[in-house]
Amino acid sequence: MNRLSVIGLLVVASVLCFAGWNILHFTVDDAYIFYRYAANSIQGYGYVWNPFPFLPVEGYSSLLWLVLLDVSWRVTGISPDITSHYWSLFFSYASLGLSAWILMRFPLKMQFEKLRLPLMWLLVFGLLLHRNFITWSSSGLETSMFNFLVLAWLFSGFLFQESYRVKHFIFMALCASAIYLSRPEGQLYLIATLVCSLVAFWLSKNRVFLLLLAAMILLAAVHLSWRFSFYGEWLPNTYYAKYTGPWPEAGVRYFASYVLENGLWWFLLLLALWWPRIIWDKTRKLAASYSGFGFRGVIDHYFKTSAISDSVLVTFIVCLCYYTLIVGGDVFEYRVYSASVPVVFFALLYLCNKFLSTKKSLIIIVFLHVFLALPFAWLHWWEARKIPPEIAANEDRAVLLEPVLPKGLKWYGRQLDSMQQWLIPRVICGRHHTQVHFTNYLLSMMPEREQYGTWNPEAIDVLPAQAVGVVGWMLPGVAIIDLLGLNDWVVARTPVKIGKKRHMAHDREAPIEYVMAFKPNMWMDFNHAEIRRVSRPGPPLKAEEVIIIEASWRQRQGLGKSEKVGD
């Protein structure tokens, strides 16, 4: 492959990636939660939501992302509301570059070697034009970093299966450790890597793999010990606040909506057609190993040829299935599937390389995969732009595509619309335009950040809120009571009312007595788009009162489990 052509392609891709990042640039309200934790760390309070006398609560989803924002702030002096977006862009560039590198090393048949450069064009522009990939190149959340680490982990796992070089497994272990610190589901990636290290040791008897195993276990032990010693819990508070039971009926619709909107049915159709043949080929090879060397031969053959690659692939699929069938999707627009965009491309290329014999058929199938991901996703974005900001900020209705589609495609749009109309009112799959306008609306309500920048434990200002990100960042000197429980221990363990209609991560309701015990003197006035300050009937809230309130309510709440909620 011509190196200059590849470099030129990547330069063009870099410019286009920045353009796409700029067009879809947005910040979700939850990102400001990270910013508040980082700000409190800078002030010397540690990673806490409300400073002392409030007890520490782990209300963020990614320790690694928080540390990155914190360190960046300390080194550069630039606040995380700015740096977070450039870090996201950086990791999107990294994913783009890594994807190109993977394709350069991808094993192709001899007759397909001349197609490597055209395939790279399809890969790069397929990623840059894929709305899900480019959407999560910003947001202020850890998504772009997590996606890059997962792609790197998968790639290193396949490299190690191919070469059994220690350096590849070291990189795999480093990626697994970073993934573990990036998202709660990172535990699965770490466990899978631990299993792979045992397999690698069993095959090679190289003690380096045992050292890596011990290092990863030590990392997990240190992290869990720190979490328990600082927060008093083995799991993050967000787990208790969000999870109230499996919700497969939501997850299936979330996945089906993603498939329809991004034309993924084409890939799933080919997968259903070809995957059984792959399983059959593997079965025949294992049977041949058994006939020659018995059960030990089967184990040796499988471990040497497939165990590591199968483990990393299954781990990735299990994580997607967990969010789909157990969690029920995600509050945000297809965020949990964003890591799969380059992975699906390479899976399709693997299938085509294995079962096709002509260049023309390969190019047609891959081109269709890239093309089918474009029209409905971008049509949705275009139609959403027509919604007035004041309406979009409170959008609880789906953007309908059926009315704007040509007659022959209205049936397709009707299926997609029906999924969205079920999901959106349940706070699932919150679309990009809603997040943009909702965050801007919250920012328009806020006073200057410096106005409430001083924390005074002898006269604590208190504001209860549901959407706490922007509020928490813009009011650093105010105690924010998180009514949804993400950053509140008591609310996160409040039982859900029986029969209540489910809403993603919005099922918990703060006890009124608990909220009023803090004597709130600030409220969010959505009617007038402002923060309203009211006078307290008694003396200011002091540190001693907060300590008593939290202790009594934690004892009272205990570890009460949620009741079953309705659909």
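Residues numbered from 1 in each chain as written. Predicted model: local features only at pLDDT ≥ 70, side-chain atom pairs only at ≥ 80, totals over all residues. Heavy atoms only, no water.

1. Some thoughts on the side chain of Thr83
Inspection of the secondary structure assignment puts Thr83 in helix H4 (residues 80-105). Non-local contacts of Thr83, meaning those with residues more than four positions away in its chain, are made with Leu69, Ser72, Thr76 and Ile78. (Helix = DSSP H or I, 4+ residues; strand = E, 2+ residues; numbered from the N terminus. Contact = heavy atoms within 4.5 Å.)

2. A few points about the packing of H4 against helix H7 (residues 143-163)
The N-to-C vectors of H4 and H7 enclose an angle of 20°; their axes lie 8 Å apart at closest approach. Between H4 and H7, the angle is such that the two are roughly parallel. In this structure, H4 meets H7 at a crossing whose hand is left-handed. Residues Ser88, Phe91, Ser92, Ala94, Ser95, Leu98, Ser99, Trp101, Ile102 and Arg105 of H4 form the contact with H7, whose participating residues are Ser144, Met145, Asn147, Phe148, Leu151, Ala152, Phe155 and Leu159. (Axes fitted to C-alpha atoms, helices over the stretch in contact; angles between N-to-C directions. Parallel < 35°, antiparallel > 145°, perpendicular 65-115°, else oblique. Left-handed = near helix turned anticlockwise from the far one by under 90°.)

3. A word on the pairing of strand S2 (residues 479-482)
Burial of the side chains of S2 extends over both faces: Ala479 and Ile481 are buried on one face and Ile480 and Asp482 on the other. Taken together, the four bridges between strand S1 (residues 462-465) and S2 define a ladder with parallel strand orientation. From the neighbouring strand, Val462 faces S2, where its bridge partner is Ala479. The parallel pair S1 and S2, bridged by helix H21 (residues 469-474), forms a crossover whose chirality is right-handed. (Buried < 20%, exposed > 50% of the residue type's maximum accessible area, 1.4 Å probe, protein only. Pairing = 2+ DSSP bridges. Right-handed = clockwise from strand over helix to strand, strands pointing away.)

4. A few points about the nonpolar core
Within soluble globular proteins, side chains that are nonpolar generally end up buried alongside one another. In terms of nonpolar packing, the biggest core is built from 153 residues, with Leu119, Trp153, Leu362, Ile428, Leu463 and Met524 touching the most fellow members. Considering each element in turn, this core owes the most residues, 12 residues, to H7. Contact partners of Leu119, with chain neighbours within four places excluded, come to Leu103, Leu108, Phe345, Leu349, Leu362, Ile363 and Val366. By size, the runner-up hydrophobic cluster in this structure holds 18 residues, among which are Ala479, Val490, Tyr514 and Ile549. (Core = buried A, V, L, I, M, F, W, Y, C linked by side-chain atoms within 4.5 Å.)

5. Here we look at the pattern of salt bridges
If you walk through the whole model with that rule in mind, you get 20 salt bridges. Linking Arg502 and Asp507 is a salt bridge whose minimum nitrogen-to-oxygen distance equals 3.9 Å. When sorted by exposure, Arg502 lands in the same class as Asp507, which is buried. What you see here is one network of salt bridges that share partners, running through Arg131, Glu261, Glu333 and Arg431. (Salt bridge = Lys/Arg side-chain N within 4 Å of Asp/Glu carboxyl O.)

6. Considerations on the packing of aromatic side chains
A full pass over the atoms with the stated rule returns 50 aromatic pairs. Arranged with centres 6.5 Å apart and planes meeting at 70°, the rings of Tyr47 and Tyr60 form a pair that is edge-to-face. Highlighted residues: Tyr47 in the loop between helix H2 (31-42) and helix H3 (63-76) and Tyr60 in the loop between H2 and H3, separated in sequence by 13 residues. When its relative accessible area of 14% is taken as the criterion, Tyr47 is described as buried. Plain terms: the ring middles of Phe169 and Phe209 are 5.3 Å apart, the flat faces sit at 85° to each other, and that makes the pair edge-to-face. In this pair, Phe169 sits in helix H8 (residues 166-182) while Phe209 sits in helix H10 (residues 207-231), placing the two residues 40 residues apart along the sequence. In terms of burial, Phe169 and Phe209 fall into one category: buried. By the ring-pair criterion, three or more aromatic residues cluster together here, those being Tyr37, Tyr47, Trp49, Tyr60, Trp226, Phe230 and Tyr231. Above the ring of Phe201, the side-chain terminus of Lys205 is found at 6.0 Å from the ring centroid. (Phe/Tyr/Trp six-rings, centres within 6.5 Å; stacked < 30°, edge-to-face > 60°. Lys NZ or Arg CZ within 6 Å of the ring centre and 35° of its normal.)

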